[in-house]
Amino acid sequence: MLSSAPLIARGLLITLLVSACVLLLGSVIGVGGGLGLLYGGRPLRLVVRFYVDTLRGIPQLVLIFAIFYGFPAIGLQVSAMIAGILALSLFCGAHVAEIVRGAVASIPRGQTDAALGLGLSFRQRLRHVIFPQAVVRILPAWVNTAVEIIKSSSLVSLVSVVDLTMAVQQVVGRTREALLFYAVAAALYFLLNFTLSMAGRRLERRFSHA
Amino acid sequence: MYQFNWRPVFDNFDLLLKGLVLGIGIALVSLAIGSIIGLAAAFCRVHGARPLKFLAAAYVELVRNVPLLLIIYFVYFGLPLLGLSLFDNTWSFVLALSVYAGAYLAEVFRAGIEAVGKGQIEAARAIGLTRLQVARHVTIPLMFRVALPSLGNTFISLFKDTSVASAIAVPELTYGAIRINVNTWRVIEVYLVVGLMYLAACYAIAALLRQAEHRYRVMH
């Protein structure tokens, strides 16, 4: 049990690292994409819409395989971890874009009109009027997406990244202690995601009072 | 420059087509089994006694916060190590996906049950229906109409999740892609075709579901 602890700890760290990178990159893509859907010209809107609707209709695992095996075929060398992060970020970005679009679109038109009446520029409107209100509506859905991403990060083990799932799989293979180690992995994933959900709920309450 | 060669993909197209059909089949079976589990969990959570309530909540929260792949590994590798070798790889996956689906469907059904008005239930009780009859003839039919859109979305998610079955060599669509890729190394072609097949299937299912929703929508 104890001799397996370092391997599992390293796996957990990789899971955290992959998830954090995906959420960061995915959120940047998603906010950009969401704004593109809302305020872009017709060609940009069409491109982003195509990206969002395509990525949401393809399984994450297929995206990971496509990038991991596909990039070297066109001469781009990527490590398994980078391929996984890239694929999941594209997937995450599509979801976040839709969340951002929905949240901003749900803010009453009067808010924009009032901000226009005050003479605020486009950037000022976004920063001081639209975004503070949108965040409250984005947050719950974003936390759900984050939980999904942490769960999906286990798929990188299928391109041989030694994350938490792969680490536990190796330990079970060696020790044959299935119940114990699968329970450990489940507990770690659960704690991670449950904490995140709780933090999200708390933040949501705080924002909605503001 | 990458040279496209579609031949190997289309020569093995039956592999992909069979995989697609198997994936949809697995998603359907898992949706059915998951609905039974989910329905039971939802009733326990809403109307059950305290320990039942807690158990149902624990099941839902645990499964929803753990990766599907881990559940698959537990069923496929873990159960035999514990002396339970009942299933081949496909049925192991169906079992794992059903348990996974059950947790999501429990929440879908719970929202549905809670949306059924108290007045409806009281009226049914007043005309002398037993609790079981109320559930069968009033709560469940009404709940299904409320739950239909979420049920449809869950089905599409489950279908996409069947791709993870390739991890334990279930011959579904993604596994077909892996096999063609290994034999012919036409990576780009295979994944373009497979991606399109998933996409087309998802949109076809969504279109069918919209029609069903339209037919069974709740009248206000």
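**Student:** Lay out the overall build of chain A with the relevant residues and their values.
**Tutor:** Each helix and strand in chain A was counted, giving eight helices and zero strands. Listed by position from the N terminus, the elements making up chain A come as α-α-α-α-α-α-α-α. Seen through its principal axes, chain A has C-alpha atoms that stretch 70 × 45 × 20 Å. Buried residues in chain A amount to 40% of all 210 residues. Nonlocal contacts in chain A, meaning residues at least 24 apart in sequence, comprise 76% of its contacts between residues at least 6 apart.

**Student:** Tell me about the overall build of chain B, and name the residues and values.
**Tutor:** In terms of regular secondary structure, chain B is built from nine helices and zero strands. Along chain B, helices and strands appear, N-terminal first, in the series α-α-α-α-α-α-α-α-α. Overall, chain B is about 75 × 45 × 25 Å in size when its C-alpha atoms are taken along their principal axes. Taken across its 220 residues, chain B has 40% of its residues classed as buried. Contacts in chain B between residues at least 24 apart in sequence constitute 77% of all its contacts with a sequence separation of at least 6.

**Student:** I'd love a proper account of the interface of chain A and chain B, names of residues and values included.
**Tutor:** Each side of the interface is counted separately: chain A has 30 residues, and chain B has 29 residues. Within the residue set of the side of chain A that touches chain B, elements represented by two or more residues are helix H3 (60-73), helix H6 (122-152), helix H7 (164-175) and helix H8 (178-209) of chain A. Of all the elements, H8(A) adds the most residues to the side of chain A that touches chain B, at nine residues. In the side of chain A that touches chain B, the residues fall into 21 nonpolar, seven polar and two charged.

**Student:** I'd like a rundown of the nonpolar core, residues and numbers included.
**Tutor:** Counting 114 residues, the largest nonpolar core has A:Ile64, B:Ile71 and B:Ile72 as the members making the most contacts within it. B:Ile72 has contacts with B:Phe93, B:Ala96, B:Val164, B:Ala167 and B:Ile168, leaving out every residue within four places of it along the chain.

**Student:** Tell me about the environment of B:Tyr198, and please be specific about residues and values.
**Tutor:** Looking at where B:Tyr198 falls in the secondary structure, it is placed in helix H9 (residues 187-216). The exposure class assigned to B:Tyr198 is buried, which follows from the 21 C-beta atoms found within 10 Å. Placed 172 residues apart in sequence, B:Tyr198 and B:Ile26 show a C-alpha to C-alpha distance of 14 Å. When near neighbours in sequence (up to four residues on either side) are disregarded, B:Tyr198 contacts A:Gly57, A:Ile58, A:Pro59, A:Val62, B:Lys160 and B:Leu173.

**Student:** Go over the environment of B:Leu158 with me, naming the residues and quoting the values.
**Tutor:** Residue and element names in this part refer to chain B. When you line up the elements, Leu 158 lands in helix H7 (residues 131-161). Along the primary structure Leu 158 and Cys 44 are separated by 114 residues, whereas in three dimensions their C-alpha atoms are 24 Å apart. Setting aside its immediate chain neighbours within four residues, Leu 158 contacts Ala 27, Ser 30, Leu 31, Leu 97 and Ala 101.

**Student:** Break down unusual backbone geometry for me, with residues and values.
**Tutor:** Of note in this structure, A:Ser160 is not a glycine but carries a positive phi near 70°. Summarising the element assignment, A:Ser160 is placed in the loop between H6 and H7. You will see that B:Ala169, though not glycine, has its phi angle at about 60°, which is positive. Of the residues examined, B:Ala169 has 14 C-beta atoms within 10 Å and is grouped as partly exposed.

**Student:** I'd like to hear about the confidence of the model for chain B, residue by residue, with values.
**Tutor:** Residue and element names in this part refer to chain B. Considering every residue of chain B, the mean pLDDT works out to 91; 98% of them sit at 70 or more. Mean pLDDT values for the elements of chain B range from 84 in helix H1 (residues 7-11) up to 95 in helix H2 (residues 13-47). Reported confidence for the predicted complex is 0.91 by ipTM and 0.91 by pTM.

**Student:** Which residues make up the packing of helix H5 (residues 89-115) of chain B against H7(B), and what values do they have?
**Tutor:** Residues and elements named next belong to chain B. The geometry of H5 relative to H7 is characterised by a closest axis approach of 8 Å and an angle of 150° between their N-to-C directions. Considering their axes alone, H5 and H7 lie roughly antiparallel with respect to each other. Note that H5 runs across H7; the crossing there is right-handed. Residues Leu 97, Ala 101, Tyr 104, Leu 105, Val 108, Phe 109, Gly 112, Ile 113 and Ala 115 of H5 touch H7, and the partners they reach there are Thr 139, Met 143, Val 146, Ala 147, Ser 150, Leu 151, Thr 154, Leu 158 and Asp 161. Of the residues contributing to the contact of H5 with H7, the split by class is 13 nonpolar, four polar and one charged.

What counts as what
- Residues numbered from 1 in each chain as written.
- Chains lettered and ligands numbered in written order.
- Predicted model: local features only at pLDDT ≥ 70, side-chain atom pairs only at ≥ 80, totals over all residues.
- Helix = DSSP H or I, 4+ residues; strand = E, 2+ residues; numbered from the N terminus.
- Buried ≥ 20, exposed ≤ 12 C-beta atoms within 10 Å, placed from the backbone.
- Contact = placed C-beta atoms within 7 Å.
- Nonpolar A, V, L, I, M, F, W, Y, C, P; charged D, E, K, R; others polar.
- Core = buried A, V, L, I, M, F, W, Y, C linked by C-beta atoms within 7 Å.
- pLDDT = per-residue confidence, 0-100.
- Axes fitted to C-alpha atoms, helices over the stretch in contact; angles between N-to-C directions.
- Parallel < 35°, antiparallel > 145°, perpendicular 65-115°, else oblique.
- Left-handed = near helix turned anticlockwise from the far one by under 90°.

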